[in-house]
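# Tertiary structure, described
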Amino acid sequence: ARLNLTTCDELEKAIDTNCAFSNSAVEAFTKASTENNNDFTIAFWIKRVWIASQLSPEKRFLPSINFYSSLSPPRHQLTVGKSLSRHGDVRYFSSCPAPASSLFPYENVDLAPVSQEGWSFIAISREADGGVTRVVVNGEAREERNAGLATCLEDPKALFRALEVNYRSLLSPLMLVPAALPIASVQRLYYEEMGAMAGRTGPHFERDPLWEDPEAIPIMKQDYGPKSILLAPPIIFQTRDEPLAGCAYEFSRNFVDTNFNKGQSERCTAPFVCDANVARDSWRTLSCQGEAAESWDDFELEPVSLGGITGYGDFLYSIVDSELLFRNGTVTQSKNFITSMSKSAIVVMVFYTPAVATTSLVIITADLPQDTGIRVRGRIEHFCVLEGGDLNFYLLVQCVCVILVGTMFVDSSNQLYQRILEARPSRDEEDSSPDQEPESWKPISKSFLLAIFLDYVTTFSTIWLISRRIPNQMSSGFQTDQVVGNFLRFDWQSSDTSISEKRHSFFEEVNTLMDKFNDEKSLTQMAVWIVCFNMLRVVSATGAHPRLGILTGTLTNAVDDLFHFMMIAFIIAIAFCAIGFAFFGELYEDFRSVGITSSTMGEMMLGNLPEAWEELATMQLYVVFFLVICFFLLQNFLLAIIVEAYMGVRKEILQLDVEMNYVQDCYYSFQGSFLGWMYSWPDRRKLGGKLLEWQARFSIGYKDLENTKMFKDSRSLQRFVKHYHGFAFITPIEIRNFSPSQPGMEVVDEIERRTASLLGHGSTLSEMAKRAFRFQQNKVAERAKHGAANVSMKWKDKMSNPVVFERTDDEGPDDEESSPPKSPLPPSSPPNTPALSQACHS
């Protein structure tokens, strides 16, 4: 509840003598402000005190401070608290009459959100010219203008006589400045004092004896959860350069010297005294970076190595928790640890998680270049312990990997051996004549040799990786105990060891841990490369099947078009990158360098436009042209190339007769291999080559296969015919409706008869088909009668209607009724694809 100022007893009880201030200081400030056109700035730090500072029911902290120009009667000059805005307001009251355009004799400015845990910095500035009231909260500024509201004080001698703090909070001494400070100056004050105020955790007593907590909050015991423990103090490490007495550019050297002399004449004259070193050396004021620093006397640090980088390191808490450090016999400010000579800063933390037995290394790196902005990146690495069932499962998986890569090695070696046999000269010495040149080796495709080479590299790399990883994982428990134990057993309280020696020993332990992590990281990266190689080999191996090889086939067909497309796209990308960097490198963060511009272009291709791109007309034009050329045109050209290549591959697959689907092809391939092993079928390559020489597709019968003398016995040949005759791609062609003439086909029949007469056949195609049908029926019946071939009933049914052109040696060529008709195609006509030979090769 608000304090009733009319009750003297309550007012006297509420006055805190520890927070009293001198009116003379306020009066002097008010006088100086009046002389400066009534401009002023009041700034202070405020922090909540436990739960008493929070508002119900929102349970959040809002500052509430009233500056009274008079207590009797109570009159406000300035108030900070909640009125209109959710986060609070600042009101400045004027004793002058309000203008006609204003309903109230005050100016209201919204507050930015204050911190709910730490300190908040609030600065209130009043500028009489223009009637500007400005409020800055933690660097965020807000202001209101009311030129009609004059700056009139209730008490011309003092801006305020008393302070009213309505909610319990910590309040720093007020900063009274008789001038309206600009926003930049206020923000500089905030950032300069932010670190110091963060260390003031107070208060010493959370509960005042004069105040009772209306809401008691019990503290419950929290059981241990799967949390990580910080093993050692975090360290901060930096690399830095020595300052140069002169910069590399002549104008820069002259600029530094001129400003140094100007500063000496303006700032280092009586009654002010500058440090002797600063007055003597210009590079101590402003300089360029030179070579790497060999020593650093200011913080009494010697160069140390961290992860192969030489620099200077210290404990993070020494730099952050303390404003002053006693180093090298003098007091040094910790904020000077990072200066303009620092090239990079690295923070290293080591954690251990008992629940999962994992040691974690957290590294945060900040690059501090002079030419660009600060870039911060972080990474975290883990080292896990494998024991018991997890270790056994890991070993089982590694054994399976060894078996698989061994199988791949044997298969690759067998393929290479077969290719060498096929490529070597096959002519016998007895068949060769002296005048005939010796047959040369057949070339082996480079793609095949490259695939075999990658298989060998993958095999040996995988075996080497497994031989390295298994010992590391089997000893992971011992290694973790050694690393964690070294940190836990580190004697920080030893008085026999200096702090420099402790720091040096600690950095050695950190380097040992980082070496272990780097070794694991290198093995993991190698494993990733092996997986990538295997992925490429698997994708390329899918080309063995037409359906699965549609990806590789599409890329193969489109590789030439893609190459020329990439050339054009690369030229356009370079042009847009150069234009973006040249025009917007100084205006936009997304174009500050060539690399960042390239990354921004990639984001634009995905639809993410640069920030605030619509504010500049040239940027709008750049974005529109980029989207039209790169997004709409180039991207659609790329899709058209891929789709065209895909449709070509798809057309080839549809025209392929021997392909069914992947599952069926795998089943029949394994079945054919098993039956070939069981019945001793001839080598598929040799038999396929023989069938390919005949240039026949549907006219190969039992006697033809028997005459090849490649089969072991009749049982093997019968099983071969039974296995292959049921496939659709070698089913005989069915000729229907050849007997009766269709209505209106008399002219066509007459043309057929005349054409047959001119060709010397004597019979039309319909007549030849009739004779072939009768001949096929007779042949099937004869084979079934003598048992020459094991022909299934299913195959006989198929032969009830179709006509098959088949070659045989039993019938003579003069028997027109019993011999099959000759093909009307001349011998030079290109043959159809021999499906049976393809099946044998498959």
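Please read these numbers as outputs of a predicted model, since none were measured by experiment.

Looking at the secondary structure, you find T459 in helix α8 (residues 446-474). The exposure class of T459 is buried, given its relative accessible area of 3%. Apart from residues no more than four positions distant in its own chain, T459 is found in contact with V405, M408 and F409.

Turning next to the sheet that holds strand β4 (residues 65-71). Judged by pairing direction, the sheet is antiparallel, and its five strands sit side by side in the order β7-β6-β5-β4-β11 without closing on themselves. Edge strands, defined here as strands with exactly one partner in the open sheet, are β7 (106-110) and β11 (162-165). Neighbour-to-neighbour, the strand axes of this sheet turn through a mean angle of 20 degrees, independent of strand direction. Two strands pair when backbone bridges link them, and strand β6 (residues 89-93) and β7 are joined in this way by five bridges, in the antiparallel orientation. Within β7, the position partnered with Y92 by the bridge is E107.

All told, the structure shown has 27 aromatic pairs when counted by the stated rule. Relative to Y317, the ring of F315 lies with its centre 5.8 Å away and its plane at 20 degrees, an arrangement referred to as stacked. F315 sits in the buried class, given a relative accessible area of 2%. Among the aromatic residues, those joined into a cluster by ring pairs are F576, F583, F584, Y588, F591, Y622 and F626. Over the aromatic face of F448 sits the side chain of R419, whose NZ or CZ is 4.1 Å from the ring centroid.

This paragraph deals with the pairing of strand β5 (residues 74-81). Pairing geometry for β4 and β5, over six bridges, is antiparallel. The residue of β5 that forms the bridge with I65 is V80. Taken together, β4 and the strand that follows it, β5, pair antiparallel across an intervening segment of two residues. Summarising the sheet, β5 and β6 pair through four bridges and their orientation is antiparallel. Within β6, the position partnered with L78 by the bridge is Y92.

In this section: empty space enclosed by the protein. Evaluation of the coordinates by the stated rule reveals three cavities of 30 Å³ or more. A volume near 60 Å³ is recorded for the second largest cavity. If you trace the second largest cavity, you find it lined by T359, F383, Q479, T480, V483, L513, K516 and F517. Listed by contribution, the elements that provide at least two residues to the lining of the second largest cavity are α9 (476-488) and α10 (499-541). When its residues are assigned to classes, the lining of the second largest cavity shows four nonpolar, three polar and one charged.

Before going further, it helps to spend a moment on α10. For α10, spanning 43 residues, the distance from its first C-alpha to its last is 62 Å, which sits close to the expected 63 Å at 1.5 Å a residue. Taken as a whole, α10 has its buried residues at K502, R503, F506, F507, V510, N511, L513, M514, F517, E520, L523 and I530.

Residues spaced three or four apart along an α-helix point in a common direction, a consequence of the helix completing one turn every 3.6 residues. For helix α12 (residues 594-605), which comprises 12 residues, the first-to-last C-alpha distance of 17 Å matches the rise-based estimate of 16 Å (1.5 Å per residue) to within 8%. Buried residues of α12: T597, T600, M601 and M604, and no others. Along the long axis of α12, the arc covered by the buried residues comes to 105 degrees, so they all point the same way. Packed against the buried residues of α12 are α11 (550-584) and α13 (617-655). After α12 finishes, the residue G607 shows a positive phi value of roughly 100 degrees.

With that out of the way, let us pick up the confidence of the model for the protein chain. Model confidence for the protein chain is summarised by a mean pLDDT of 77, while 79% of its residues fall at 70 or above. Here residues 205-214 is a poorly scored stretch, pLDDT under 50, and it has nine contacts once near neighbours within four places are set aside; other chains count. In the model, residues 737-741 has pLDDT below 50 throughout and makes seven contacts with residues more than four positions away in sequence or in other chains.

The next thing to look at is the environment of A357. Turning to its location among the elements, A357 is positioned in the loop between β21 (342-353) and β22 (358-367). As a C-alpha pair, A357 and F383 span 26 residues in sequence and 8.6 Å in three-dimensional space. In this structure, A357 is in contact with Y352, F383, C384 and V385, ignoring residues within four places of it in sequence.

What counts and what doesn't
- Every chain is numbered on its own, with residues counted from 1 as its sequence reads.
- In keeping with the model being predicted, local features are shown solely for residues with a pLDDT of at least 70 and side-chain atom pairs are shown and tallied solely at 80 or more, while totals for entire chains, interfaces and linings include all residues.
- Side-chain figures throughout are based on the complete set of non-hydrogen atoms in the structure, without hydrogens or water.
- By the criteria applied, helices consist of DSSP H or I runs no shorter than four residues and strands consist of E runs no shorter than two, each listed in order from the N terminus.
- Buried means the residue's accessible area, taken with a 1.4 Å probe over protein chains only, is under 20% of the maximum for its type, while exposed means over 50%, and partly exposed covers the values in between.
- Note on contacts: a residue pair is in contact if any heavy atoms of the two residues lie within 4.5 Å.
- Two strands form a pair only when DSSP identifies at least two bridges running between them.
- Convention adopted: a line fitted to C-alpha atoms gives each axis, helices being fitted over their contacting stretch, and angles between N-to-C directions are expressed from 0 to 180 degrees.
- Working definition: rings of Phe, Tyr and Trp (its six-membered ring) pair if their centres are within 6.5 Å, and the pair is stacked with planes under 30 degrees apart, edge-to-face with planes over 60 apart, and tilted otherwise.
- Whether a charge lies above a ring is judged from NZ of Lys or CZ of Arg, which has to be within 6 Å of the ring centre and within 35 degrees of the ring normal.
- Every definition here rests on a 1 Å grid over the protein atoms only: cavities are sets of points where a 1.4 Å probe fits but cannot get out, pockets are open sets enclosed by protein on both sides within 12 Å along at least five of seven lines, and lining residues have some atom within 4 Å of a point.
- Grid points are joined across faces, edges and corners, and a volume is the space filled by probe spheres set on the points.
- All residues other than Ala, Val, Leu, Ile, Met, Phe, Trp, Tyr, Cys, Pro, Asp, Glu, Lys and Arg, Gly among them, are scored as polar; the first ten of these are nonpolar and the last four charged.
- By definition here, a helix of n residues has an expected span of 1.5 Å times n minus one.
- The directions from the helix axis to the C-beta atoms are what the arc is built from.
- What pLDDT conveys is the predictor's confidence in a given residue, as a value from 0 to 100.

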